[in-house]
Amino acid sequence: MPEHRSGQNIQYTLTEAGMSAFAVFYMQSPSFLAHQRDMQRQRGQHNVQSLFGVERIPSDSQLRNLLDPLDPAGLRAPFWAIYAQLEAAGHIEAYTGVGGTRLISLDGSQYFSSPKVNCPNCRVTLRDEQPHYSHGVLLAVVCAPEQDHVICLEPEFITPQDGHEKQDCEQQAIKRWIERNAARFAAGSVTILADDLHCHYPVCRLLTQHHMHFILTCKEASHAALYEEVHLLEQVEGAISTQVLEKRYGRRRERWTYRWVEQVPLRGDLETTMVNWCELTIRDVASDKQAYHCAWATDHPVTAQTVPEIVAGGRSRWKVENEGLNVLKNQGYHFEHNYGHGEQHLSSVLLTLLLLAFLCHTALGLSCATYQAVRRELGARRTFFNDLRALTRYFYFPNWQRLLTFMYHQLDLPPEALPSQCEADFLTKPHAS
Ligand SMILES: [Zn+2]
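A quick note: this is a predicted structure, and the numbers were derived from the prediction, not measured.

## As for the overall build of the chain
Alright, step 1. Regarding its fold elements, the chain presents 15 helices and 11 strands.
Alright, step 2. Taking 22 Å as the expected radius of gyration for a compact globule of 433 residues, we find that the chain reaches 24 Å, a close match to that expectation.
Alright, step 3. Each principal axis of the C-alpha distribution contributes one length, and for the chain these read about 80 × 55 × 40 Å.
Alright, step 4. Burial statistics for the chain: of 433 residues in total, 49% are counted as buried.
Alright, step 5. The long-range share in the chain, meaning contacts at least 24 apart out of those at least 6 apart in sequence, stands at 64%.

Laid out in structure tokens, this is it:
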């Protein structure tokens with residue numbers, strides 16, 4: 001992060017400010033820094049230093065002032081550094097989908113909304129003729145049908161300059177993300193998942209130009225020409241391929257009907273692109289009630305062999321909502337709790353730090369056996385964070401390994417199975433050296 005201050009009177013480094021805010025999100029504790037300032041006064045040492053490498057903890061208002069002017073783009077690099085480490089160590093081999101590609105879901109989300117609080121970077125809309133302020137972000141995550149967790153990649157902020165319609169804004173953001181990041185992946189090695197909003201000619205053409213595959217939700221309401229063609233083909237026997245599977249879930253049985261056709265026009269204009277279309281309808285066999293229906297446009301070849309994989313890939317997109325942002329919103333990352341909204345970039349800087357904290361926990365869950373054992377034993381995510389908060393409030397731990405090993409032993413996990421290596425201290429390594 002480039003220094004934005006001039007003059008001699010620099011009390012705290014930007015790293016200290018950034019890591020302090022990161023620590024609040026990482027510990028999921030809005031009062032973490034306050035408790036550690038108390039510990040510092042009482043004992044002359046504290047866990048923000050030992051666990052996050054921060055010697056002096058700035059006050060909340062100092063933090064706000066230090067972080068507000070920063071461009072969140074400066075925080076993109078760590079996402080890729082962690083991703084590269086996970087990949088190099090083989091921890092994300094299981095994250096593959098159709099055709100052996102990596103599935104990356106791109107999905108817009110609003111992370112701030114207020115009738116009052118605002119900054120110059122807020123998106124302003126009218127609600128009941130009154131201005132309403134919000135911030136949106138395009139979240140990028142690696143997901144896979146069989147994996148419970150998603151791996152956060154760098155986000156793209158949706159800016160008010162992008163356009164007036166929600167659709168314009170999000171489409172500009174997805175374009176920027178693709179143009180900036182496509183070259184990070186080998187040609188043809190990635191499948192982009194996105195919702196109906198992005199299932200349009202400009203996005204598909206851009207993805208094809210950048211050698212990225214796609215599986216995009218494709219609704220009839222927004223794709224008249226494509227569905228006109230599908231309905232025409234339905235009149236021709238055998239033109240639409242169909243495959244029916246029955247699945248058992250205990251005593252309940254479901255009928256999964258896949259239908260697909262290749263090479264239909266994405267839109268009615270002369271300038272269009274041909275896509276492959278597929279859909280899945282799930283019905284309960286006993287009641288014949290429809291339990292699920294969705295359709296997609298893709299550039300992957302659709303055959304009886306590939307259609308289940310393509311549909312599973314398309315369906316794994318829900319994980320952004322369920323595994324990604326919902327976790328952030330509801331399960332205790334305390335976004336914007338202490339620092340307010342700022343006047344420049346604070347809101348997006350904090351969200352980026354929060355996403356990084358989320359990624360670091362996911363990365364440890366994939367790579368650190370001690371962390372995995374403790375999390376598994378504690379079950380609910382809330383229990384783990386409650387314990388972490390309480391332990392670090394009352395005790396000083398010289399490093400993460402000691403903290404996690406303490407939890408491991410107190411939980412009566414088998415001592416002989418305690419891994420000798422603990423990956424959790426990676427947070428303090430880079431700036432200790
Ligand atoms: Zn704002």
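Picking up after the structure, the text goes on.
## Re the pattern of salt bridges
Alright, step 1. Under the counting rule described, the total for this entry stands at 16 salt bridges.
Alright, step 2. Between Glu87 and Arg102 there is a salt bridge, with the nearest N and O atoms lying 2.6 Å from each other. With Glu87 in helix H5 (residues 77-88) and Arg102 in strand E1 (residues 102-114), the pair connects residues that are 15 residues apart, well separated along the chain.
Alright, step 3. Here Arg252 and Glu254 are joined by a salt bridge, their closest N and O atoms 2.8 Å apart.
Alright, step 4. Judged by relative accessible area, Glu254 falls into the buried class, the value being 8%.
Alright, step 5. Each member of the salt-bridge network shares a partner with another, and the members are Arg76, Glu154, Glu156, Arg176 and Arg180.

## Observations concerning the coordination of the zinc ion
Alright, step 1. Coordination of the zinc ion by the protein comes from Cys119 (SG), Cys122 (SG), His135 (NE2) and His341 (NE2), over a distance range of 2.0 to 2.3 Å.
Alright, step 2. If you look at the zinc ion, its four donor atoms make angles of 102 to 129° with each other, and the shape they trace is tetrahedral.
Alright, step 3. Each donor residue of the zinc ion lies on the same chain, and together they follow the pattern C-x2-C-x12-H-x205-H. With Cys119 in the loop between E1 and strand E2 (123-127) and His341 in the loop between helix H10 (318-330) and helix H11 (346-367), this pair connects stretches of sequence that are 222 residues apart.
Alright, step 4. Judged by relative accessible area, Cys119 falls into the buried class, the value being 7%.
Alright, step 5. The exposure class of His341 is buried, given its relative accessible area of 6%.

## Concerning the pairing of strand E6 (residues 190-194)
Alright, step 1. Burial analysis of E6 places five of its five residues in the buried class, which makes it a mostly covered element.
Alright, step 2. Residues Val190, Ile192 and Ala194 point to one face of E6 and Thr191 and Leu193 to the other, with burial holding for every one of them.
Alright, step 3. Relative to E6, E1 runs parallel, the two being bridged by four bridges. Following the sheet pairing, Ser105 is matched in E6 by Leu193.

## Describing helix H2 (residues 32-43)
Alright, step 1. Helix length check: H2, at 12 residues, gives a terminal C-alpha distance of 16 Å against a target of 16 Å (1.5 Å per residue), a fit within 8%.
Alright, step 2. Burial in H2 covers these residues: Phe32, Leu33, His35, Gln36 and Met39. The buried side chains of H2 occupy one side of the element, clustering within an arc of 155° when seen end-on. Residues Arg41 and Gln42 are exposed on H2 and point more than 90 degrees away from its buried face.
Alright, step 3. Where H2 is buried, its residues contact helix H1 (14-27), helix H3 (47-52), helix H4 (60-67) and helix H13 (381-394).
Alright, step 4. One or two positions beyond H2, positive phi appears at Gly44, with a value near 75°.

## Observations concerning H13
Alright, step 1. In a regular helix each residue adds 1.5 Å, so 14 residues correspond to 20 Å; H13 covers 21 Å between its end C-alpha atoms and thus fits that length.
Alright, step 2. Among the residues of H13, Arg381, Phe384, Phe385, Leu388, Leu391 and Thr392 are the ones counted as buried. For H13, the arc enclosing every buried residue in end-on projection is 130°, short of the 170-degree limit, so these residues lie on one face. Turned more than 90 degrees away from the buried face of H13 sit Arg382 and Tyr394, all of them exposed.

## Here we look at the nonpolar core
Alright, step 1. Of all hydrophobic cores here, the largest spans 130 residues; its most connected members are Phe22, Tyr26, Phe52, Leu67, Trp177 and Trp400.
Alright, step 2. What Trp177 contacts, discounting residues up to four positions off in sequence, is Trp80, Ile104, Leu106, Leu138, Ala140, Leu153, Glu154, Pro155, Glu156, Ala182 and Phe185.

## A closer look at the packing of H2 against H13
Working note: a packed helix pair is described by the angle between its axes plus the distance between those axes.
Alright, step 1. At their nearest, the axes of H2 and H13 sit 9 Å apart, and the two run at 25° to each other. One finds that H2 runs roughly parallel with respect to H13. Seen from H2, the contacting residues are Phe32, His35, Gln36, Met39 and Arg43; seen from H13, they are Thr392, Arg393 and Tyr394.
Alright, step 2. Of the residues in the contact of H2 with H13, the class split is three nonpolar, three polar and two charged.

## Quick word on the environment of Glu146
Alright, step 1. Secondary-structure assignment places Glu146 in the loop between strand E3 (130-143) and strand E4 (151-152).
Alright, step 2. The exposure class of Glu146 is exposed, given its relative accessible area of 70%.
Alright, step 3. C-alpha of Glu146 to C-alpha of Tyr95: the two residues are 51 residues apart in sequence and 8.1 Å apart in space.

## Thoughts on the pairing of strand E11 (residues 290-298)
Alright, step 1. Here three bridges tie strand E7 (residues 213-217) to E11, and the two strands are oriented antiparallel to one another. Directly across from Thr217, in E11, lies its bridge partner Trp296.
Alright, step 2. Note: strand E10 (residues 274-284) against E11, eight bridges, orientation antiparallel. Pairing of Glu279 across the sheet is with Ala295, part of E11.
Alright, step 3. Hairpin connection between E10 and E11: a loop of five residues separates the two successive antiparallel strands, and Asp288 in this loop has a positive phi of roughly 60°.

Rules used in this analysis
- Residues numbered from 1 in each chain as written.
- Predicted model: local features only at pLDDT ≥ 70, side-chain atom pairs only at ≥ 80, totals over all residues.
- Heavy atoms only, no water.
- Helix = DSSP H or I, 4+ residues; strand = E, 2+ residues; numbered from the N terminus.
- Rg over C-alpha atoms; globule rule 2.2 N^0.38 Å.
- Buried < 20%, exposed > 50% of the residue type's maximum accessible area, 1.4 Å probe, protein only.
- Contact = heavy atoms within 4.5 Å.
- Salt bridge = Lys/Arg side-chain N within 4 Å of Asp/Glu carboxyl O.
- Donors = N, O, S within 2.8 Å, 3.2 Å for Na, K, Ca; no water.
- Tetrahedral: all angles 85-135°; square planar, octahedral: opposite > 155°, others 65-115°.
- Pairing = 2+ DSSP bridges.
- Expected span 1.5 Å × (residues − 1).
- Arc of directions from axis to C-beta.
- Core = buried A, V, L, I, M, F, W, Y, C linked by side-chain atoms within 4.5 Å.
- Axes fitted to C-alpha atoms, helices over the stretch in contact; angles between N-to-C directions.
- Parallel < 35°, antiparallel > 145°, perpendicular 65-115°, else oblique.
- Nonpolar A, V, L, I, M, F, W, Y, C, P; charged D, E, K, R; others polar.

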